[in-house]
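# Descriptive analysis of the structure
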Amino acid sequence: MKYNPRELEGKWQKFWEDKGSFQCPDESPRPKYYCLEMFPYPSGKIHMGHVRNYSIADVVAHFKRMQGYNVLHPIGWDAFGLPAENAAIQNNTHPAKWTYANIEHMRSQLKRLGFSYDWRREVATCDPEYYRWEQLFFIKFFEKGLLFRKKAAQNWCPRCNTVLANEQVEEGLCWRCESPVEQKELTQWFLRITDYAQELLDDLEKLEGGWPERVLTMQRNWMGKSIGAEIRFNIEQSDKFLPVFTTRQDTVFGATFMSIAAAHPLLEEIIAGTGQESAVRTFVNQLQKTDTREQIGEAQEKEGVFTGRYCTNPFNGERMPIWVANFVLSGYGTGAVMGVPAHDQRDFEFAKKYSLPIRVAIQPGNIPPLDPKSMIEAVPEAGVMVNSGTFSGLNNEEGKARLAAYLEEKGLGKRSVNWRLRDWNVSRQRYWGTPIPIVYCDKCGVVPEKEENLPIRLPLDVVVHQDGRSPLPDTPKFYECTCPRCGGRARRETDTFDTFVESSWYFLRYTDSANRSAAFDKDKVTRWLPVDQYIGGVEHAILHLLYSRFFVKALRDCAFLPAVEALDEPFANLLTQGMVLMGGKKMSKSKGNTVDPSEMIDRYGADTVRLFCLFAAPPERDFDWTESGIEGAYRFVNRLWRLTVELAGKIPVLNACEASPADATLPRARELRRKEHAAVKKTGEDIADRFQFNTAIASVMELVNLIYLVKDELLADEGGKRVLGSSIFTTLTLLFPFTPHICEELREILGAPLPLTERPWPTYNEDALSAETLTIVLQVNGKLRGKIEVAADAGEEAVKNAALADPNIQKHLQGLTVKKVLYVRDKLVNVVAD
RNA sequence: GGCCGGGUGGCGAAAUGGUAUACGCAUCGCACUCAAAAUGCGACGUUCUCACGGACAUGAGAGUUCGAAUCUCUCCCCGGCUACCA
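Here the structure is a predicted model, which is why all the values come from computation and not from measurement.

### Topic: unusual backbone geometry
The omega angle of the peptide bond from Leu-454 to Pro-455 is 0 degrees, so this bond is cis rather than trans. Position of Pro-455 among the secondary structure elements: in the loop between β22 (445-448) and α13 (476-479). In this chain, Leu-529 is followed by Pro-530 through a cis amide linkage whose omega measures -5 degrees. Tracing the backbone shows Pro-530 in the loop between α15 (522-528) and β26 (533-537). Even without being a glycine, Ala-559 presents a positive backbone phi close to 65 degrees. Take Ala-559: it is sitting in the loop between α16 (543-557) and β27 (574-577). Judged by its relative accessible area of 47%, Ala-559 falls in the partly exposed class. The residue Asn-781 is not glycine, and still its phi comes out positive at about 50 degrees. Residue position: Asn-781 is located in the loop between β31 (773-780) and β32 (783-791). Residue Asn-781 is classed as partly exposed on the basis of its relative accessible area of 42%.

Structural data, given as structure tokens:
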């Protein structure tokens, strides 16, 4: 009987599908477990990264099912997005056609891999039955003030005629046509994620332990909370002032100039009438041209130009020249920075370059007194405040608090918290996305659609422009509409949503994906959430995971979700899997170092492909795809096949771990039984506690190796046969989550009627793990000097005496005095001597 | 510059204070074969020794400990993410 993966895998895939083996009921007496992987973008083909991601998740799903959980394991398609439009342009087709064809193909690929999904729950985000609920959320968000319109600078590709998301700008160039990206002011829709900044930050604590530490750190850094103060600097000959955010208000007495961003709103007013107008404008224009490209690599040379105007330091009344500087970001803080050259490196470089004064305001205790004339770099360290009026002599940390209080008392400013996190721009000038359900009426202004008009369908009978422009603004049939409020003629918003919006709630829809009257049933969501295990690439560590966290909080506050603790955070545990590399580099079409999963399945079968992905490395780490590696996995699968087929009919049909101590009379049988139970323990712990699938598989390999070694001897003994039968069945059961098809087939060949899908994870026997003799390691002064076999029940004294009597130990103790004999139970004896 | 991950045989990797190198790959030997492939069995860190046995090995160096790949400190190298954040 030859191993024929193609035939047998198809057979079992059909069997599971017909039986509905992986359909998961909403109601069950069993405890729930929600196992989720990041759903794929239907780009055309499944790649190895997907295979790895989903193989990991499938092991978890199977394992939890075998442990008695009611496991929700769904899949779907993140189906809107720009690549569909690009492909449509290139291949002269329609994004919808392209997308649905890809989904079709990729679905069949996933089915060939035999993943245990509940396919009834499949969702595609480009389906109006999906995005209509998103439109409903947005109407509620709008009413709640969580969604608002604002003019903002955007990444704009002049050649493609569209806004680009930050992640579509590569080194300052458009990812598609490589034109330099410009900044363009556009009126856009924003979600007020900043309202949730503090909660998003605080709730990261709830994820401690369940999420990788580095992802938590990345999110914290991304949100970038800074605590400090806002100080007002009055502008000379003006009733205006420049607010400045700083975390170092303790250095304010060292401020000698003011620098503002080129895009600062008060710039024109500041330069008016100074005679510096043209110099400043020339500088600003230059900056806008070089701007985007210079953001890479080493920090740019500090440059600036004097505006001709001054402001006043409210603490010491000194005049500070106002400069426009290239290192001041308009999007962070207030777009103005007080220049403290003595204590900030950027300000120091700037001051040196333009000969601006340097004044020391903090003197660290452990270095000689600072002298501006001899300083070669800024000194940001803590210390005692100097030259600081009544604050002089204070420790700077205390000074920070005193100054902040003083600011508020005198009305010169306030305590302030600043975030790096921006509100989320969800508008895209693209076609292939969810229409924004907003209408512009000359009479009523900005009006949200009526709920009963949803979904606002994306028209499919349009042609995407060759230059990538959305056809929606040229489609009267779409944008011409009646005002939901007054019934007059109105115009529909033609922008669509960022596709990250769809992926921010798909995991909620899975719990009730067939619901035609609501996005999801509250009870169902409450029952299934949070996701118990989420698995995906670390590239989504910030955006997708942050947006999803925000989304459940926003939905809660709009009463779409109940306000229960279980729903505070959508993903209780997160596993970020590493990449599949080839030749040490990320697989990519342009490098030509890709491996097509379908080809590998044709050649080796799905079980082998899955096994290799799981065996090659622990899941968090990157691994290299190698031909010899997958050959090795294939060899093991074949070895298992031959072994089981050879033993079928010669051994009794037993359940996993069924052989008893009475069966294991031969020493070899006892050894095998011990290995069998040890493998159950190790495999279960490796899967459940550590996601160490590589070592879990290794322990099953050890079991198989031992069965090979002892089978001939055990076949001659009735008890031995039972131990073999038990061990083989344990092997198949343990491997089932990894290589389900071959395990089911071999189970059937052995003659066991109940499918593995209906069998529990085996339970090992603590007694079966212990041997009657133990190997004790002998050391002298911590160095290995021998080993002895002792009875498992030997007492401490007996073991120590045996150790001291060992000839090699005696030899090494010659001329030494024994000081101490250490005994580590069942492990070693260390004789300390000198 | 900042943050994170990593450095162990020829290679992927095990071992998280107690036998370093499990498991797999590659290589070599033996068996089977007319032969090869496949398969099975065995060897496999370096080095000294005929052997028994010893010395040295987890990026480098120090420390803690009876005992360190593992804990602490100093440093080097590789990879990733992020970056003028006031």
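### A short note on the pairing of β27
Moving residue by residue along a regular strand, the side chains alternate between the two faces of the sheet. Every second residue of β27 is oriented toward a common face, with Leu-574 and Thr-576 on one face and Leu-575 and Gln-577 on the other, all of them buried. Direction of pairing for β26 relative to β27: parallel, over a ladder of 4 bridges. Residue pairing across strands places Tyr-534 opposite Leu-574, the latter belonging to β27. Read from β26 through α16 to β27, the crossover connection turns out right-handed.

### Description of the protein's contact with RNA strand B
Contacts to RNA strand B come from 54 residues, most closely from Gln-300, Lys-302, Tyr-332, His-812 and Asn-830. Per the 4 Å cut-off to the protein, sugar and phosphate atoms form 65% of the nearby atoms of RNA strand B. Contact between RNA strand B and Arg-635: a phosphate oxygen at 3.0 Å from a side-chain N or O atom of the residue. With respect to RNA strand B, the side chain of Asn-830 contributes an N or O atom lying 2.4 Å from a base oxygen. With 7 residues, the top contributor of residues to the surface near RNA strand B is helix α21 (residues 693-715).

Cut-offs used in this document
- Residues numbered from 1 in each chain as written.
- Chains lettered and ligands numbered in written order.
- Predicted model: local features only at pLDDT ≥ 70, side-chain atom pairs only at ≥ 80, totals over all residues.
- Heavy atoms only, no water.
- Helix = DSSP H or I, 4+ residues; strand = E, 2+ residues; numbered from the N terminus.
- Buried < 20%, exposed > 50% of the residue type's maximum accessible area, 1.4 Å probe, protein only.
- Pairing = 2+ DSSP bridges.
- Right-handed = clockwise from strand over helix to strand, strands pointing away.
- Near = heavy atom within 4 Å.
- Polar contact = N/O pair within 3.5 Å; in protein donor to acceptor, adjacent residues only side chain to side chain.

Remember that the coordinates give geometry; whether it matters functionally is a separate question.
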